[in-house]
Amino acid sequence: MYLSLKNSKLFSILLCLLAFLFTGDLLAQKVNSSLIRGQITSTDGSPGAYSTVKLSNGRSARVDKEGHYVFTDLKPGKYVITVSFVGLPEQSKTLSVGEGESAVADFVLSADGKTLDEILIIGQKYAITSKKESEYVARLPIKNLENPQVYSVVDKELIKEQMALTLEESFRNVPGAAPSKTGAGMPSFFSRGFQTSENFRNGMATYLRTGIDLAQVERVETIKGPTSTLFGAQMTSFGGIVNYITKKPYETFGGELSYGMGSWDMNRLTADINTPIVAEEGLLFRLNLARQKENTFQDQGNNATVLVAPSISYQVNDRLKLSLDADFYAVRGITPAGWTTATGLGKTSFDQLHLDYKQSLNDNSLVSRQSSSNVLFQADYKLSDKWLSQTKYAWGGGGYDDLYIFDMIWKTDSLVDRTLRVFTDEESARKNFQQNFIGDFKIGQFRNRMVIGLDYMSNYRKTRYDGLGYGGTTVFAPAQLYNLPGTPVIRIENVHAELAKRNTGQNITKEASYSAYVSDVFNVTDRLLAMASLRVDRFISEGTTNTLTRKQTGNYNQTALSPKFGLVYEVWKERVSLFANYMNGFKNVPNYINPVDNVVQVFKPQRANQLEGGVKVELSDIFNATVSYYNIDVTNSVRVDGTNRIQDGEQKSKGFEVELIGKPFTGFNYVASYGYNDNEFVNGAAAGKRALGTPAHVLNIWASYALTGGRAKGLGLGVGNSYISEAYLDAANTFTLGAYNLLDATVFYNRPKYSVRLKANNVLDKKYWVSDGYYARPQKPFNFMASVAYKF
């Protein structure tokens, strides 16, 4: 692309030179070229040096330190000029220029110089008016106050201030969300009584086999409740979904380089480089890189990761925009062991068991290698002033090039069975094609905002799995906690020797779904809005085939409808709204391979119905709030019974959530949330029991203050606390993961060109365990991080 554009320019120049030699047309062209110029200032006359100016033809201009900009070599005609400054609303002007003429368009930003300086130094992280705007949540151009659904947004400025590195760390800002992580390291959380472990990327499906590095992430959106209507039945959770938005190219050269270090030899290097390839033609490129290495707080364990995330966009003309972005993430290290308990242990918490918190019973020779990749192509075409066509294709894949997960099963308070899940190879791939037609039009005097969409998704997974030590068969000697020196170390050589005795085939699973959906937000009045949505899913499962036995299990087809309805009434226009929704969720439960006997378990689809209501408040950037109450009923619930998954009941979940965000005075910002959840199985063998890993109370708060004047301008302090109440590790609800408080603090010094940050995590040095819904893993005690970044 770059060479062809350059060659076409060279060819044009040669033609112009020939024209000049023979006719003198080039001179006339230069004399008669048109231009637009202007100056950007704040309300007190300060220059808006960091603002961006765009033309409707896709060109952009750099604003100099005095606030001036200029567009030259323009064709005669009408242009729309738009100026933007991060955290402030955009402004536009329309003007015309004739041949050889110049025009002037000056802008005054809606803030004074001090406010602009504050935004540059402490960021726009709590700019309420823009924070909630999203093209992904409803796939419609509606504001937060107009949406009857509840969602939260964690943007990059808050992520930076908290020095969060992984996706699950960002969940601490989500109301009612208790961070978790699957055994293989994929990010997840518990919300509204259910676990969310699938993740969307820019509104499209992923198929992760690793975590997610926040170096590539612009913002994290969590959409609450059953979301099958727009996001399908294969990946949705009844507690909500996660959609992370990646960083996109912008019109000027810039970026950031950073280096960080911390406890346990943590070293981290990141680079964010944005460079227009041909800015005047709207061809832009951005690249994010990250490299990190860290040891564990335990006696065994380490981890190394590499991220490469390129993104390119091309504004073909004022109607068509093309974009292509990707990420490639690799992990090499020791997978932390999971802990669980055997029936009849007679203990109720890990505090009653005898093992040093820093003892892992693992070995550094058991190196796992995992990878995840995503590619997304998108074409946006403006069909008219009222309709937009949006075409997307996403490929997500990953794999295990050897994955070793220890499951430590407590038999007594001094004896632990060491079982091992081994994935000696795995490949997975998910294709997702989506076509949306998005409209904003009127029927008579009534405004409609509508999306009509088609969605195709296919899944492919090939895995070779061995469970060593399950089903009462002893493979490795148990750990004797009173005689650890006499407990044999399990090394990679021991594992290979056991695998050599086995003849294990690969399990190949193939699935696909064909879907269509429509959603409309109808303005009954300018204050009363009604939403109606419907999705039809045709799910086709070819089941799971074992390459050794040649047996196929779990193949079936099904069709489902998922409706959604909502009402919004703006009590105070563009300030306060009341909302209510009914959502139906439909979930295809994937096949499960029992680690004891390799038997594939097949499940019926689950269905959930949610009723929810509440209030949303947006008072500029001073105060923002969302309060909601929900009630969810689920049929065909799946519960855990040892290594089995049993589908024999119904589940009820109800509760409420509160989110408060604000900026009461200059330099001070806060984000606070609380979630209460009451859930239980209502019939079957687990009747009256609570779902594993789900806490009843989650309380999060983060507050920061930064100086915005004087010699120490940019110096700030952030303090946060997360409280997670106790949760159950076993289906009988007898073994408890204790409640915990996590107190974190940061000191930072932000300037427009550089920043220095220091963070202390788990300041109180609490010992705590996090569940993945089946097993629990000890988490980091007190640790620190320090980083320095240069912006250009």
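As the structure is a prediction and not an experimental result, all values here were calculated from the model.

Before going further, it helps to examine the overall build of the protein chain. If you tally the helices and strands in the protein chain, you get 8 helices and 48 strands. For 792 residues, the compact-globule formula gives about 28 Å, and the C-alpha radius of gyration of the protein chain, at 28 Å, lands near that figure. Across the 792 residues of the protein chain, 55% fall into the buried class. Counting only contacts in the protein chain whose residues sit at least 6 apart along the sequence, the fraction spanning at least 24 positions is 67%. Accessible surface for the protein chain amounts to roughly 33100 Å². Of this, 57% is attributable to carbon and sulfur atoms. If you average the places of the 86 positive and of the 77 negative side-chain charges in the protein chain, the two averages end up 1 Å apart.

Let us now look at empty space enclosed by the protein. Counted according to the given criterion, the structure contains 11 cavities of 30 Å³ or more. Considered as a void within the structure, the second largest cavity measures approximately 170 Å³ in volume. Lining the second largest cavity are 17 residues, with Q162, R172, N173, W702 and S722 positioned closest to its centre. Among the elements of the structure, strand 39 (668-681), strand 40 (697-706), strand 41 (715-724) and strand 44 (740-750) are those that each provide at least two residues to the lining of the second largest cavity. Grouping the constituent residues of the lining of the second largest cavity by class yields 6 nonpolar, 7 polar and 4 charged.

Time to look at the sheet that holds strand 3 (residues 60-62). Across the sheet, 4 strands lie side by side as 3-2-5-6; this open sheet has antiparallel pairing. Where the open sheet ends on each side, the last strands, each with one partner, are strand 3 and strand 6 (91-97). Taking each pair of neighbouring strands and ignoring which way they run, the sheet shows an average axis angle of 25°. As judged from the 4 bridges shared by strand 2 (residues 52-55) and strand 5 (residues 77-84), these two strands associate in the antiparallel manner. Considered in strand 5, the bridge of L55 is made with I81.

Read across the sheet, 3 strands follow the order 10-11-12 without closing on themselves; strand pairing throughout is antiparallel. At either end of the open sheet lies a strand with only one pairing partner, and these are strand 10 (178-181) and strand 12 (194-196). Recorded for the sheet is a direction-independent mean angle of 30° between the axes of neighbouring strands. By the bridge criterion, 3 bridges tie strand 11 (residues 187-191) to strand 12 in an arrangement that is antiparallel. From the neighbouring strand, F189 faces strand 12, where its bridge partner is T196.

Nonpolar side chains in soluble globular proteins generally cluster together in the buried interior. In terms of nonpolar packing, the biggest core is built from 29 residues, with F350, W410, L420 and V495 touching the most fellow members. Every element with two or more residues in this core is listed here: strand 25 (403-410), strand 26 (415-443) and helix 8 (492-500). For V495, the residues in contact, after removing those within four places along its chain, are L366, Y404, L420, V422, L468, F476 and I490. Counting residues in hydrophobic clusters, the runner-up holds 28 residues, among them A164, M186, Y470 and V671.

Turning next to the packing of aromatic side chains. Inspection of every chain in the model, using the stated rule, returns 26 aromatic pairs. Relative to F792, the ring of F253 has its centre 5.6 Å away and its plane inclined at 40°; by these criteria the two rings are tilted. Of the two residues, F253 is situated in the loop between strand 16 (240-246) and strand 17 (254-262) and F792 in the segment after strand 48 (783-791); the sequence distance between them amounts to 539 residues. A relative accessible area of 27% means that F792 is categorised as partly exposed. By way of ring pairs, the aromatic residues W264, F297, F350, Y357, F735 and W769 are connected into one cluster. Positioned over the ring face of Y151 is K132, at 5.2 Å from the centre of the ring. For the cation-ring pair, R192 lies above Y630, with the distance from its terminal atom to the ring centre recorded as 4.2 Å.

Side chains bearing opposite charge may pair, as long as their charged atoms lie close to each other. This model, assessed by the stated rule, comprises 33 salt bridges. Between K181 and E168 there is a salt bridge, with the nearest N and O atoms lying 2.7 Å from each other. Residue K181 is found in strand 10, and its partner E168 is found in helix 6 (residues 167-170); the two are separated by 13 residues along the sequence. Across the pair K382 and D385 runs a salt bridge, and its minimum N-O distance is 3.7 Å.

The next subject is helix 8. Burial in helix 8 covers these residues: I492, V495, E498 and L499. Buried residues of helix 8 fall within an arc of 125° about the axis and therefore sit on the same side. In this structure, the buried side of helix 8 is in contact with strand 25, strand 26 and strand 27 (446-468).

What counts, and where the lines are drawn
- Residues numbered from 1 in each chain as written.
- Predicted model: local features only at pLDDT ≥ 70, side-chain atom pairs only at ≥ 80, totals over all residues.
- Heavy atoms only, no water.
- Helix = DSSP H or I, 4+ residues; strand = E, 2+ residues; numbered from the N terminus.
- Rg over C-alpha atoms; globule rule 2.2 N^0.38 Å.
- Buried < 20%, exposed > 50% of the residue type's maximum accessible area, 1.4 Å probe, protein only.
- Contact = heavy atoms within 4.5 Å.
- Areas by Shrake-Rupley, 256 points an atom, 1.4 Å probe, with all protein chains shown as cover.
- Lys, Arg positive; Asp, Glu negative; His and termini not counted.
- Charge placed at Lys NZ, Arg CZ, Asp CG, Glu CD.
- 1 Å grid on protein atoms, 1.4 Å probe; cavity = no way out; pocket = protein on both sides within 12 Å on 5 of 7 lines; lining within 4 Å.
- Points joined across faces, edges and corners; volume = space filled by probe spheres on them.
- Nonpolar A, V, L, I, M, F, W, Y, C, P; charged D, E, K, R; others polar.
- Pairing = 2+ DSSP bridges.
- Axes fitted to C-alpha atoms, helices over the stretch in contact; angles between N-to-C directions.
- Core = buried A, V, L, I, M, F, W, Y, C linked by side-chain atoms within 4.5 Å.
- Phe/Tyr/Trp six-rings, centres within 6.5 Å; stacked < 30°, edge-to-face > 60°.
- Lys NZ or Arg CZ within 6 Å of the ring centre and 35° of its normal.
- Salt bridge = Lys/Arg side-chain N within 4 Å of Asp/Glu carboxyl O.
- Arc of directions from axis to C-beta.

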